Structure formats: structure tokens, C-alpha cells
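# Observations on chain architecture
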Amino acid sequence: MPVGIFRVCLVVITAIVNHPLLFPKENGTVPENAEEIIQKMKEREESLRLEQLRLEQEIADQEATQKALEKAAEVVEESKEEKVRWDMWTALSMVIFLLIELWRQDFQEGNWQDTGGEEDDMAVLGKAFKGVAFPDKAVLASFYEKRILGTTGDMARMREMVEGFADDLLEALRSVCNRDADMEVEDCMGVGSMYENWRVRKPFVCDLIVPFAPPEPYCFRSQTWCSGDCFPPDEQGYGTIKVCRADEDVTGCICDKTKLGEDMLCLLHSKANTTRPSSEMEDLLCFKNTQYLDADQVMKWFQIAVTKAWNRISHKYEFDLSFSLLDSPGALKIKFRSGKSIAFNLTPVVQYENSDVYFISHFPRRGLAADLPSSTHWFLTFAVYERRFIQLVSKTLPANACHVSCLQILSFLHGKQCSLTGPSGLTNYHLKTVMLHLLQARPSQDWAPEKLEARLQDLLKFLEKCLHEKKLYHFFIGNGKVPAELGFPIIFQRAEPLNLFRPFVLRRDVYRKTVDTFHEMLRNMSALINEYTVHIPLAHTNGIHKDSL
């Protein structure tokens, strides 16, 4: 009982002590602290709300950026796909274009090589021949007999006289040269229109080439554009000539490219076999500080040697000899006391390996001729093979075949037109190349003398076709149908065809002038021929015997 009462009293006392009204001063700060806490809580809530808004804004910005990046990636991917598709179409279009171009070139090459004998192939042009009055057989026969046929005897006499004098001059040249140091000169050979019997325009000029070789122990090693060496397109048809020792390795030894050291010796080359110094290489007519033969040096040497040779034998002749052209090493002129003169070219050449292809120092070219890339570049001439080909084919043609007559008439007409309107890009060599192509393409019976008119038209049409396409391929280079009897080097047969009209693509002014001159020649053809033709009565037109051609 007392314990219970004590417990009750203890509870009452505790309640009284803890009553808030009993100690007002101590508990007076409670309300103020609550308001401060509430204010702080509100501020905290506001800051949290602002932080939430900031985070939501950042999240929204990140989402927008991510969407923009995804959209940009999609655009890039689509552009890549479009570019890939475009590149594929571009590449495919280029391949198709190249295939069409190759097919077109092959077709054109096959056209003049395989089907050139068909009349339909010659009818490709036509515009320039519309309204052209072409001379008939009787007029052509009279013109050929009156204007051209009479020059054959004059050419034969001139060739004989020039060849005899040239042999004597070269013999004297050998006697004045130092056999141990100077170039060795061989016998001359006649090439060109005078020796192929188709030159018609005066003055007659004989072209003679003179092969020469270096003194022992040196030799020439040639490099051409089709021998695997790197030659740019504008140097096709040219080559270089290197002066080497005869015992020097063709591929070269590393001893002249690498410093072996003082205590090392090359077992292939001794001191006695070392290459001559630069000054002595120049004595061998090489370009300065190189081993390549210099055409300008050769020109100077040859002119000096010819002058010395003439001084030795001049007392034997009753005429004077002089150089007619300063830029050509062997352009000579014989002047008689009567005032008459004879011009001929005596040009030094270098034999290509063991063939009859020659590097020529200065080729008398006109029209499309461009300057040599450098004096170490030599032009290749196939004149000996051209002469042999004409001789070989002539044996299979009918008697009095008209191939030479066609070329003579065409050369005369073109020369006459150029004398009236000025020079053009065409040369006699282009005209001969056209004739060689048709001579190979057409069967032998098509060159019978009574078919002179038809073949002359074929020559003109083929030439117009080549002018229209700006393509006239060299007859021998790239022609796999060259007769094996000629012994023509296979390296040139396998080479890419050489377009003789390539300069027309680069020089449009020359091309325009050439085409205009050609068309003017066609329009004036009848007048030019009638000027040198006697009047033929109509009743006798068909009575001219075909042998008159």
C-alpha cells in the first residue's frame, strides 16, 4: 500500500515539475525556434525546387542535344550512302565510257587495217566532196603524162650525180678524221621521195643518211619510248642514245653508284676500264656531264668534218659546195658556174641495234613538226623500211600499177594549193602514210592502171576521214601486219600505234588551217589539173589506152 501511494505521489510531482507553465522563462524560446526552423525548411524546399528545375532543364537540354546528334548522324549516314551510290555510278559510268572509247579505237584501227578495201568504208565522209567536179580518167591520164611522167628521167640523172659526189665526199671525210678519237662514218643510203620515185615538185632534193659509230672501245646503246622506259606522250617517236664502253654491263654495276671505300676493289671494273671524265665524254659528242649523245654536238662535228673534207677534194670539181640551211647539219648545195644548183641532204644517223631503223639527228620536217624535247632526244626514221615495203608490194601489183601515180598527183595538188594559200599542217610524209595504209588494205588487182581515178578518190576520202578524226597512225609502229620478209623489229610492231595527227588536238589553229587548205584543194582540183592538161576532144575521151598511165 505505501509503495503504491509513493508511486502515485512520484507521478504527480513529476507532472507538476514538467508542466510548461511552471517555468515560463525557460520555455519562452520554443515558438521562436519553430518559426526559424519552418523558415529554413521553406528556404530549403525552395532551393530544392530550383535545383530540380535546373536538373530538369539540363536533362531536357541533354535530350535535345542527343536528338540533334542522332539526327545529324542520320543525315551523315544518308549522305555517305548517297555518296557511295554516286561514286558507284560515277565509276561505272567511267568504266562504260572507257570501254566504249577502247572499242571505238579498236574498230577504227581495224577499219583501216582490215576492211579498208570496202567501198562503204570510204563513203564515211562525203561533205567535202559534194559539188566537187572530179577529173575523169582521160584528163588524169593526160595530166600525168604531161606534167609528171617527164620528171622521172631528171630524177634518175640527179640521183646518180649526187650519190657519186657524196661517196667521194665521205671518203675524204674519213681521211681527215682521227680514227682513234673521231666518229667512224659508214656509207650513205638514199631514202625518201627521190628514191621511191614519186617526187614531183621542184627543186628536186636527194635525201641521204650517213650512219656513224663511236671509236673503240665505245659503243651506242639506245633507249626508245616503247622499250619499257618512261617517256611522256609528247616524246613518243623519240629515243635517247647512251655512249658506253663495249665491255660495260648493260644493266650497270653498283661500283659507279656506291662508294666502295679505299680498301675495296670492283672485280668487274679495273682502273683501266673506268668511264672517261666529263671533258672526254664531251669529246664523244655527249651532252655536258652526261653519257647521252647530243644532236647539237653531232651537228657541229659533222659540219666541221664536211668542211674539212670538201677543202681536201674541192680542186677536183668545177663547182662550189656550201651549207644551204644553218639549222640542218647536212643541207648542202652544189653551185655550178652556169648559175644552176643542186640541193641534197647528207644527214648523220645512228643505227638502232641491228635493224634498219635509225635515230636521225635533225629531221627535215614541216607542218606539224614540233621542237625536240631536248638535244639528247633523237627522232626515229623508218625510211629504209618504207622504201623496201613499196618495192616489195610493187612486185605483187599489176604492170604499170597506179599507186605511185596516185601519190604523185596528190602531192602535186597539195603542193600547188599550199603555194597559193600558204603552208598547212599536212606534209608529203602524211600523204605517203595514207598511200601505204591503202596499199596494204586493198587487194593487188585494185591498183591496176585503169583504176587511177577510183584509187585517187580513195586516197582523198581516207585523208579527209583522218583529218575529221584527227587520227593518222604511223604505218609501221603498232602495225602487226607488216610483212615478215622486211625483217622489221618486233618491238615496234607490238608498240601502241603512234598518231601522227596528235598535234592537231593541241593546236586548233593549225588544224583549222589544214582542213581549210584541204577543202580548198578539192574545190580547185579540176582547175589545177586542167591548167597542165592539153585539150582532149570529147570523141577521143574513151579512146585513151590504159597503158598511158
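Summary of the structure given here. From a predicted model like this one, the values you see are computed outputs, not experimental measurements. (Residues numbered from 1 in each chain as written. Predicted model: local features only at pLDDT ≥ 70, side-chain atom pairs only at ≥ 80, totals over all residues. Heavy atoms only, no water.)

### Observations regarding the overall build of the chain
Scanning the chain from terminus to terminus reveals 15 helices and ten strands. Burial status across the chain gives 41% buried among its 549 residues. Residue pairs at least 24 apart in sequence account for 71% of intrachain contacts in the chain once pairs closer than 6 positions are excluded. Counting every atom, the chain has about 31900 Å² of accessible surface; 56% of that belongs to carbon and sulfur. (Helix = DSSP H or I, 4+ residues; strand = E, 2+ residues; numbered from the N terminus. Buried < 20%, exposed > 50% of the residue type's maximum accessible area, 1.4 Å probe, protein only. Contact = heavy atoms within 4.5 Å. Areas by Shrake-Rupley, 256 points an atom, 1.4 Å probe, with all protein chains shown as cover.)

### Some remarks on the packing of aromatic side chains
One pass over the full model with this rule turns up 28 aromatic pairs. Their ring planes at 40 degrees and their centres at 6.0 Å tell us that Trp225 and Phe492 sit as a pair that is tilted. Taken as a pair, Trp225 in the loop between strand E4 (218–224) and strand E5 (238–245) and Phe492 in helix H13 (residues 490–493) lie far apart in primary sequence, 267 residues in all. Overall, Trp225 belongs to the buried group, its relative accessible area being 10%. For Phe492, a relative accessible area of 0% translates into the label buried. Each ring, one from Phe504 and one from Tyr511, has its centre 5.4 Å from the other, and the planes form 65 degrees; the classification is edge-to-face. (Phe/Tyr/Trp six-rings, centres within 6.5 Å; stacked < 30°, edge-to-face > 60°.)

### Concerning the side chain of Thr347
One can find Thr347 in strand E8 (residues 341–351). Residue Thr347 is classed as buried on the basis of its relative accessible area, which comes to 5%. Ignoring anything within four residues of it in the chain, the contact list for Thr347 reads Leu208, Ile209, Val210, Ile360, Ser361 and His362.

### A closer look at the environment of Cys206
Examined against the element boundaries, Cys206 turns out to sit in strand E3 (residues 205–213). For the pair Cys206 and Tyr195, spaced eleven residues apart in the sequence, the C-alpha separation amounts to 7.9 Å. In contact with Cys206, other than residues within four places in its own chain, are Met158, Arg159, Val162, Met194, Tyr195, Ala343, Phe344 and Asn345.

### What about the nonpolar core?
Most often, soluble globular proteins keep nonpolar side chains buried together rather than apart. In this structure, Leu169, Leu293, Phe344 and Leu346 are the most contacted members of the largest nonpolar core, which totals 114 residues. With sequence-adjacent residues up to four places away left out, Phe344 is seen in contact with Val162, Phe165, Val205, Cys206, Leu208, Leu321, Gly330, Ala331, Leu332 and Ile334. Of all hydrophobic cores here, the second largest spans seven residues; its members include Val191, Ile209, Ile360 and Val384. (Core = buried A, V, L, I, M, F, W, Y, C linked by side-chain atoms within 4.5 Å.)

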